[in-house]
Amino acid sequence: MLSSKHFFLLPAFLTLVAIILFPLLFTIRVSFSSWDVFQSGLDYIGGKNYGRVFADERFWKSLGRLSLLSLISVSLQYTLGFALALAVWKQVRGGRFLRVLFLIPMMTTPVVMSVIWRTVFHESLGPANDILGMFGVGAVPWLSSATGAFISVLIVEVWQWTPFMFLLLLAGLVSLPREPYLAAAIDGAGTWRTFWQVTFPLMAPITIGALIIRLIEASKIMDTVYVLTSGGPGTATETSSYYIYIRGLRDFQIGYSAALSLVYLVIMIVSLTVIAKLLLRLLVGKVG
Amino acid sequence: MNKFYHILKTLFLFGWSLFVVFPFLWALTTSFKDANAITSGATYIPWVDYEPSTQGWTSLFTTGSQGINIVGPFIDSAAVTLIASLVSLALGTLAAYGLSRFEYRLGFVKNADITFFFISQRIMPPIVLAIPFFLMLKELGALDTIFGLVLVYVALLLPIAVWVMTDFFAGIPKELDEMAMTDGCSPIGAFFRVILPNSVPGLVVAGMFCLIFGWNDFFFAFTLTFTETQLLPVSIVSLNSSVTPWWSLSAFALISVAPLACVAVIVERYMSRGTMSGAIR
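If you're wondering where the values come from, they're calculated on a predicted model, not measured in any experiment.

Trainee: Now, about the overall build of chain B: what can you tell me, with residues and values included?
Mentor: When its secondary structure is counted, chain B shows 13 helices and two strands. Taking the principal axes of the C-alpha coordinates as reference, chain B spans close to 75 × 65 × 35 Å. Summarising the internal contacts of chain B: among those between residues at least 6 apart in sequence, 74% fall at separations of at least 24.

Trainee: Could you give me a rundown of the overall build of chain A, with the residues and numbers involved?
Mentor: Each helix and strand counted, chain A has 13 helices and zero strands in total. Each helix (α) and strand (β) of chain A, taken in turn from the N terminus, gives the series α-α-α-α-α-α-α-α-α-α-α-α-α. The C-alpha extent of chain A, read off along each of the three principal axes, is 75 × 70 × 35 Å. In chain A, the proportion of contacts linking residues at least 24 apart, taken out of those at least 6 apart, comes to 67%.

Trainee: So what about the domain arrangement of chain B? Which residues, and what values?
Mentor: All names here are of chain B. Each assigned domain of chain B is listed here: domain 1 (2-61) and domain 2 (71-279). A C-alpha centroid distance of 33 Å is found between domain 1 and domain 2. Domain 1 puts 14 residues into the contact, and the matching count from domain 2 is eleven residues.

Trainee: Describe the interface of chain A and chain B, with residues and values.
Mentor: Facing the 74 residues of chain A at the interface are 77 residues of chain B. Sort the elements by how many residues they give to the side of chain A that touches chain B and helix H1 (residues 4-30) of chain A lands first, with 15 residues. Residue composition of the side of chain A that touches chain B, by class: 53 nonpolar, 16 polar and five charged.

Trainee: I'd love a proper account of the nonpolar core, names of residues and values included.
Mentor: One finds B:Ala95, B:Val154, B:Ala161 and B:Ala253 to be the most contacted residues of the largest nonpolar core, which totals 153 residues. A domain split of this core shows at least three residues from each of domain 1 (2-61) and domain 2 (71-279) of chain B.

Trainee: Lay out helix H7 (residues 146-174) of chain A with the relevant residues and their values.
Mentor: End to end, H7(A) covers 41 Å across 29 residues, agreeing with the expected 42 Å (1.5 Å per residue, within 8%). Largest kink in H7(A): about 35°, centred on A:Trp161, with the proline A:Pro163 one to four residues after it.

Trainee: Could you give an account of unusual backbone geometry, naming the residues involved and the relevant values?
Mentor: Even without being a glycine, A:Phe252 presents a positive backbone phi close to 60°. Take A:Phe252: there are 15 C-beta atoms within 10 Å of it, and that puts it in the partly exposed class. For B:Trp47, which is not glycine, the phi torsion reads 70° and is therefore positive. Relative to the elements of secondary structure, B:Trp47 occurs in the loop between helix H2 (35-39) and helix H3 (55-58).

Trainee: How would you summarise the packing of helix H12 (residues 240-250) of chain A against helix H6 (residues 126-140) of chain B if you had to cite specific residues and measurements?
Mentor: In the contact formed by H12(A) and H6(B), the axes pass within 9 Å of each other and the chain directions differ by 15°. The pairing of H12(A) with H6(B) is recorded here as roughly parallel in orientation. For H12(A) against H6(B), the interelement crossing comes out right-handed. Contact residues: A:Ser241, A:Ile244, A:Tyr245, A:Gly248 and A:Leu249 in H12(A); B:Ile127, B:Ala130 and B:Ile131 in H6(B). Per-class residue counts for the contact of H12(A) with H6(B) are six nonpolar, two polar and no charged.

Trainee: Which residues make up the confidence of the model for chain B, and what values do they have?
Mentor: Segments scoring low in pLDDT should not have their predicted coordinates read at a detailed level. All names here are of chain B. Chain-level pLDDT for chain B is 85 on average; 94% of the residues reach the 70-or-more range. Between the elements of chain B, mean pLDDT differs from a low of 79, seen in H2, to a high of 93, seen in helix H4 (residues 71-101). Here residues 275-281 scores under 50 on pLDDT; set against residues more than four positions off or in separate chains, the count is 24 contacts.

Trainee: Break down the packing of helix H4 (residues 95-107) of chain A against helix H1 (residues 2-30) of chain B for me, with residues and values.
Mentor: Where H4(A) meets H1(B), the axes come as close as 10 Å, and the angle between the chain directions of the two elements is 45°. Between H4(A) and H1(B), the angle is such that the two are oblique. Considering only the axes of H4(A) and H1(B), their crossing is left-handed. Here H4(A) contributes A:Leu98, A:Leu101, A:Phe102, A:Ile104 and A:Pro105 to the contact with H1(B), which in turn contributes B:Leu13, B:Ser17 and B:Val20.

Trainee: Which residues make up the confidence of the model for chain A, and what values go with them?
Mentor: Residue-level pLDDT values for chain A average 88, and 97% of them are 70 or greater. Per-element confidence in chain A ranges from a low mean pLDDT of 86 for H1(A) to a high of 94 for helix H3 (residues 57-89) of chain A.

Trainee: Account for the environment of B:Leu94, naming residues and giving values.
Mentor: Along the chain, B:Leu94 falls in helix H4. Separated by 36 residues in the primary sequence, B:Leu94 and B:Ala130 place their C-alpha atoms 28 Å from one another. When residues no more than four places from it in sequence are discounted, the contact partners of B:Leu94 are A:Phe8, A:Pro11 and A:Ala12.

Trainee: For the environment of B:Pro132, give the residues involved together with the corresponding values.
Mentor: Residue placement: B:Pro132 occurs in helix H6. Overall, the presence of 23 C-beta atoms within 10 Å leaves B:Pro132 in the buried class. Residues in contact with B:Pro132, not counting those within four places in the same chain, are A:Pro23, A:Phe26 and A:Thr27.

Criteria and thresholds
Residues numbered from 1 in each chain as written. Chains lettered and ligands numbered in written order. Predicted model: local features only at pLDDT ≥ 70, side-chain atom pairs only at ≥ 80, totals over all residues. Helix = DSSP H or I, 4+ residues; strand = E, 2+ residues; numbered from the N terminus. Contact = placed C-beta atoms within 7 Å. Domains from an automatic or database assignment. Nonpolar A, V, L, I, M, F, W, Y, C, P; charged D, E, K, R; others polar. Core = buried A, V, L, I, M, F, W, Y, C linked by C-beta atoms within 7 Å. Buried ≥ 20, exposed ≤ 12 C-beta atoms within 10 Å, placed from the backbone. Expected span 1.5 Å × (residues − 1). Bend = angle between axes of the 7 residues up to and from the residue. Axes fitted to C-alpha atoms, helices over the stretch in contact; angles between N-to-C directions. Parallel < 35°, antiparallel > 145°, perpendicular 65-115°, else oblique. Left-handed = near helix turned anticlockwise from the far one by under 90°. pLDDT = per-residue confidence, 0-100.

And the structure:
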């Protein structure tokens, strides 16, 4: 029954099933075992690991921190990315050059740039405090205080990913129809009103897509944190991925970290679905 | 009012440009410093603020205990990224074409569900897969090898390829296939002789995204390779945690981000032509 249509789909489908689905099923099985450094292998201990997850304060705190971090950083990325896209949308001098320039950060490797950012935020030898000093601001404890470290991660995330928003939103702006703008011009609408009544509604579908994609990616934040702060000081910047990584591949509590990662996955899927529905209702006014 | 807007806009664009280039300029100037120049605090302009030295750059190409070898990791990174991107692009393009032209049915599972299955893999946090991947590659004896990483990266990149190409094929009229088939092509022949040659813009966009995500991944390379295979992001992080001087780190960083920074030029070209807009929904 293999016809030519299967020739197209099957290779990719089977590859993905083999590489993703089996590991996932395996993780589910492992999450019911006590696999760790002392005892490797698949025994069965029921839902014990899951009970432990629900009592694990450090995990829930990391989840709260992650939500705060991704919501703030994605909102900033969206606002800045939209503003930048609007600014270079119409003819600007050097527009071509600026567009290329604005895209570059998203092409760079997050961990590699984080290594550079770490030197930038160095308290006595880095330029961040040096430049602030020129304006008379005292030395900021960027990476050694809880708030400072959180803000540092935020700055790096915004630097890295605003370009992605910029890319999607500018591509959207470029392909907008012209007629609504003519109508708005005939009505004598000013720049501000044209934006809110024409551009913003027309951009709603792209806005939703862009926000969701970025939230999905932001929910995985770990690279930047690992290099910049190692989750510290203390656990001040520890995200869920990073915490699960510590439990799983550093403490080697395989069974427990499998349970953690599945709980994390389910929470991600549920909350992103809810956010997507809310955004759809808010921006397009229909229930998706 | 208009003038006020204009000034505000210019200031904003100028400020943001400065923010974007700042880490690169800082890395560039740091890469030419020596120990004295680093420990005397943040300085910016060579010859004026400090006496430049090229040891940051030369150390990367020196082998042995004094040097940091960037060539090996660079080749490993390029090999893994290119192979994985090509495989994902090939498999993804075929699947996307199939999904856009034929009807598949597996019980209650239909085309839309299969497409969703592919794309939804992007939601999977790497950490969820890291442990089973680790154990799986260990079984296969593929830990710490290029082959093992390629396998994992294909899983990572395939969804991106399927996603971009499904949208792209949706924009190619079906009449084109039908014309080819009335000319005597089989469906497979029609795809290779007619559709594929017309899909270059889509392939470029999808390929670029694969390259970006492949080249920039750190987590899987970090958890699945150790010494034999070492990719750029992993080696810079291990340098970072040892006592590697800033000048070498900076030069290393600049070399590893340079190839993709050039890709930005191509992305801009496609974006302004509007090729990208379809790939967004």
